[in-house]
Amino acid sequence: MSDLPRKAVTRTAKLAALPLGIAGRATWGLGKRIVGESAEIVGRELQQRTAEQLFKVLGELKGGAMKFGQALSVFESALPEEIAGPYRAALTRLQDAAPPMPTRTVHAVLEERLGADWRDLFEEFEDKPAAAASIGQVHRAVWHDGREVAVKVQYPGAGEALLSDLGQLSRFARLLGPLIPGMDIKPLITELRDRVSEELDYGLEAQAQAAHAEEFTDDPDVVVPAVVHQCEQVLVTEWIDGIPLSEIIADGTPEQRDRAGQLLARFLFSGPARTGLLHADPHPGNFRLLPGGPAGADDWRLGVLDFGTVDRLPGGLPAPIGVSLRMTLDGEAEGVYELLRAEGFVKETIALDPDAVLDYLLPIIEPARVEAFTFTRSWMRGQAARIADPRSPAYQLGKQLNLPPAYLLIHRVTLSTIGVLCQLGATVRLREELQEWLPGFVTEEAQEDLTEEERGVEGLAEGDAG
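Residues numbered from 1 in each chain as written. Predicted model: local features only at pLDDT ≥ 70, side-chain atom pairs only at ≥ 80, totals over all residues. Heavy atoms only, no water.

- The name that an unreviewed UniProt entry assigns to the chain is ABC transporter ATP-binding protein, with the source organism given as Streptomyces capoamus.

Structural data, given as structure tokens:
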């Protein structure tokens, strides 16, 4: 078995076969219909076969193919249920697994990067990988000081494979479009390609993870493993045990789902405010639920892994996001429209009806209108269908809106996180997190009122203590 299918011709052939395979199965389905099998059964078999081939190829190739598959996987909840069913199992497998590279290759990379005596750095090292991702795989080990660690080893040729895959995938992005209604696949692939060099740089990843680990030290809700050692192609971090979020999505209790959802939302909005960085790879394989939250052994904390893709936001999330969200909730159509124009969401050459823009936005931000919102696949499908249906006013208006480059990654991360919340079926107090962490969502006057209210509560507590 090769370390990573690296030859461009081999990878291109595998990826190019995907649309041909889809067309071939459509012909097979038509044949089955002609001989009398029911459309429902044939359709289900067709979707199952398509899902299995698509994600088998993406998983085998790792690199950009797998990265693209992981990015798609969080939008599974937007698919119509009759299509989503067959895809769900394949998508979940892709989030956490890929074929491992041979042990000899792992040892060769460690010897080259850590030195011939690399084994002296570890008390124990497990050759069988604990997890495999798009550009590297993780091995469990014990560092020489006794700490349990995760050793991430980059696949040889990962950079070449990433660029090759994403270039090839972009060529038939239109064929992949129907996988996710309402989503333009090509910009997603372009954005992933733009992030390649950052993700390959374990030095940048170590800096981002160390910043988060320091900020979230002793945090009651979020756990980020500390960085132990880093060099080219190798990253060693502390090990954390926990339940993968993919397992919570499949079999979690309602309490686990709600807690995971609340903490995901908290991390999404608090991370930029506290570190100036946005964790930009929110697929379920990068999160764990750990026991021992603020309420004790039966409570949960969120473990966060993989900081290879981050958005650098020194001032936190841009204030116009919070301001426009607040004004939309308050029904300020003209103010929202002018702010969107100023930020480049509406180009100068285009004129839109402010009330129509407000009508377009309100259903999307429904989770922020109420004290607690239950994210469901049916809600996500409804939003996707509304925006994707050419007969819908929302579709016509959405085509005229623009996504400024500065907001591209923030937009994808927010959508991805919402996708995971819908997979969880979690009930989340989103408004609470927005009030706490999103700049501009609460006016300065209201913020002062909140602070005074908190001071009053503290004063009462001190009085009770006295």
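1. Examining the sheet that holds strand β8 (residues 243-244)
Link 1 in the chain: Pairing is mixed across the open sheet formed by 4 strands, whose spatial order is β5-β11-β10-β8. The sheet is open, and its two edges are formed by β5 (222-223) and β8, each paired on a single side.
Link 2 in the chain: Where β8 lies against strand β10 (residues 287-293), 2 bridges are found, and the strand directions are antiparallel. Bridge pairing in β10 links proline 244 to arginine 288.
Link 3 in the chain: This element, helix α12 (residues 254-275), spans β5, β8, β10 and β11 (296-304) of the sheet and lies at about 45° to β11. (Pairing = 2+ DSSP bridges. Helix = DSSP H or I, 4+ residues; strand = E, 2+ residues; numbered from the N terminus. Contact = heavy atoms within 4.5 Å. Axes fitted to C-alpha atoms, helices over the stretch in contact; angles between N-to-C directions.)

2. Here's the deal with a negative patch on the surface
Link 1 in the chain: On the surface, a cluster of negative charge is made up of Glu334, Glu338, Asp353, Asp355 and Asp359.
Link 2 in the chain: One can find glutamate 338 in helix α14 (residues 333-343).
Link 3 in the chain: On the accessibility criterion, glutamate 338 (45% relative accessible area) is partly exposed. (Patch = residues over 30% accessible without salt bridge, like charges linked within 9 Å, V, L, I, M, F, W, Y side chains within 5 Å. Areas by Shrake-Rupley, 256 points an atom, 1.4 Å probe, with all protein chains shown as cover. Salt bridge = Lys/Arg side-chain N within 4 Å of Asp/Glu carboxyl O. Lys, Arg positive; Asp, Glu negative; His and termini not counted. Charge placed at Lys NZ, Arg CZ, Asp CG, Glu CD. Buried < 20%, exposed > 50% of the residue type's maximum accessible area, 1.4 Å probe, protein only.)

3. What to know about the pairing of β11
Link 1 in the chain: Where β5 meets β11, 2 bridges bridge the pair, whose relative direction is parallel. Directly across from valine 222, in β11, lies its bridge partner leucine 302.
Link 2 in the chain: Judged from the 6 bridges that link them, β10 and β11 form a sheet pairing that is antiparallel. Of the residues in β11, the one forming a bridge with glycine 293 is glycine 296.
Link 3 in the chain: Linking β10 to β11, which pair antiparallel, is a turn of 2 residues.

4. Some remarks on unusual backbone geometry
Link 1 in the chain: A positive phi angle, near 65°, is found at aspartate 218, a position not held by glycine.
Link 2 in the chain: Examined against the element boundaries, aspartate 218 turns out to sit in the loop between α10 (202-215) and β5.
Link 3 in the chain: Looking at aspartate 218, the relative accessible area reads 76%, which means it is exposed.
Link 4 in the chain: Phi is positive for glutamine 233, which is not a glycine, with a value near 70°.
Link 5 in the chain: Positionally, glutamine 233 belongs in the loop between β6 (227-231) and β7 (234-238).
Link 6 in the chain: Residue glutamine 233 is classed as buried on the basis of its relative accessible area, which comes to 14%.

5. Thoughts on the packing of α12 against helix α18 (residues 405-424)
Working note: a packed helix pair is described by the angle between its axes plus the distance between those axes.
Link 1 in the chain: Put simply, α12 and α18 touch, their axes get as near as 9 Å, and they point 170° apart. One finds that α12 runs roughly antiparallel with respect to α18. Only Val413, Thr417, Val420, Leu421, Gln423 and Leu424 of α18 make contact with α12, whose side of the interface consists of Arg257, Ala260, Gly261, Leu264 and Leu268. (Parallel < 35°, antiparallel > 145°, perpendicular 65-115°, else oblique.)

6. Section: the environment of leucine 430
Link 1 in the chain: One can find leucine 430 in helix α19 (residues 430-437).
Link 2 in the chain: Note on leucine 430: relative accessible area 12%, which makes it buried.
Link 3 in the chain: Along the sequence, leucine 430 and threonine 374 sit 56 residues apart, while their C-alpha atoms lie 9.9 Å from each other.
Link 4 in the chain: In contact with leucine 430, not counting residues within four places along its chain, are Ala265, Phe269, Pro367, Ala368, Glu371 and Phe375.

7. Structural notes on empty space enclosed by the protein
Link 1 in the chain: One pass over the full model with this rule turns up 5 cavities of 30 Å³ or more.
Link 2 in the chain: Of the voids in this model, the second largest cavity is the one considered here, and its volume is about 70 Å³.
Link 3 in the chain: Taken together, Leu264, Phe267, Leu268, Gly271, Pro272, Leu277, Leu278, His279, Pro282, Phe287, Val413 and Thr417 make up the lining of the second largest cavity.
Link 4 in the chain: Where the lining of the second largest cavity is concerned, the elements lending two or more residues are α12, β9 (277-279) and α18.
Link 5 in the chain: Per-element accounting of the lining of the second largest cavity gives the leading share, 5 residues, to α12.
Link 6 in the chain: Across the lining of the second largest cavity, the residue classes break down as 9 nonpolar, 3 polar and no charged. (1 Å grid on protein atoms, 1.4 Å probe; cavity = no way out; pocket = protein on both sides within 12 Å on 5 of 7 lines; lining within 4 Å. Points joined across faces, edges and corners; volume = space filled by probe spheres on them. Nonpolar A, V, L, I, M, F, W, Y, C, P; charged D, E, K, R; others polar.)

8. As for the environment of glutamate 366
Link 1 in the chain: By the element assignment, glutamate 366 lies in the loop between α15 (354-361) and β13 (373-374).
Link 2 in the chain: Expressed as a C-alpha distance, the spacing of glutamate 366 and leucine 329, which sit 37 residues apart in the sequence, is 8.8 Å.
Link 3 in the chain: In this structure glutamate 366 touches Phe373 and Trp379, once residues within four positions along its chain are discounted.

9. Side note on the packing of aromatic side chains
Link 1 in the chain: The tally for this structure, following the rule as stated, stands at 9 aromatic pairs.
Link 2 in the chain: Arranged with centres 5.4 Å apart and planes meeting at 80°, the rings of tryptophan 118 and phenylalanine 125 form a pair that is edge-to-face.
Link 3 in the chain: Three or more aromatic residues joined by ring pairs make a cluster, and in this case those are Trp118, Phe122, Phe125 and Trp143.
Link 4 in the chain: Its guanidinium or amino end placed over the ring of phenylalanine 216, arginine 274 lies 4.1 Å from that ring's centre, counting from NZ or CZ. (Phe/Tyr/Trp six-rings, centres within 6.5 Å; stacked < 30°, edge-to-face > 60°. Lys NZ or Arg CZ within 6 Å of the ring centre and 35° of its normal.)

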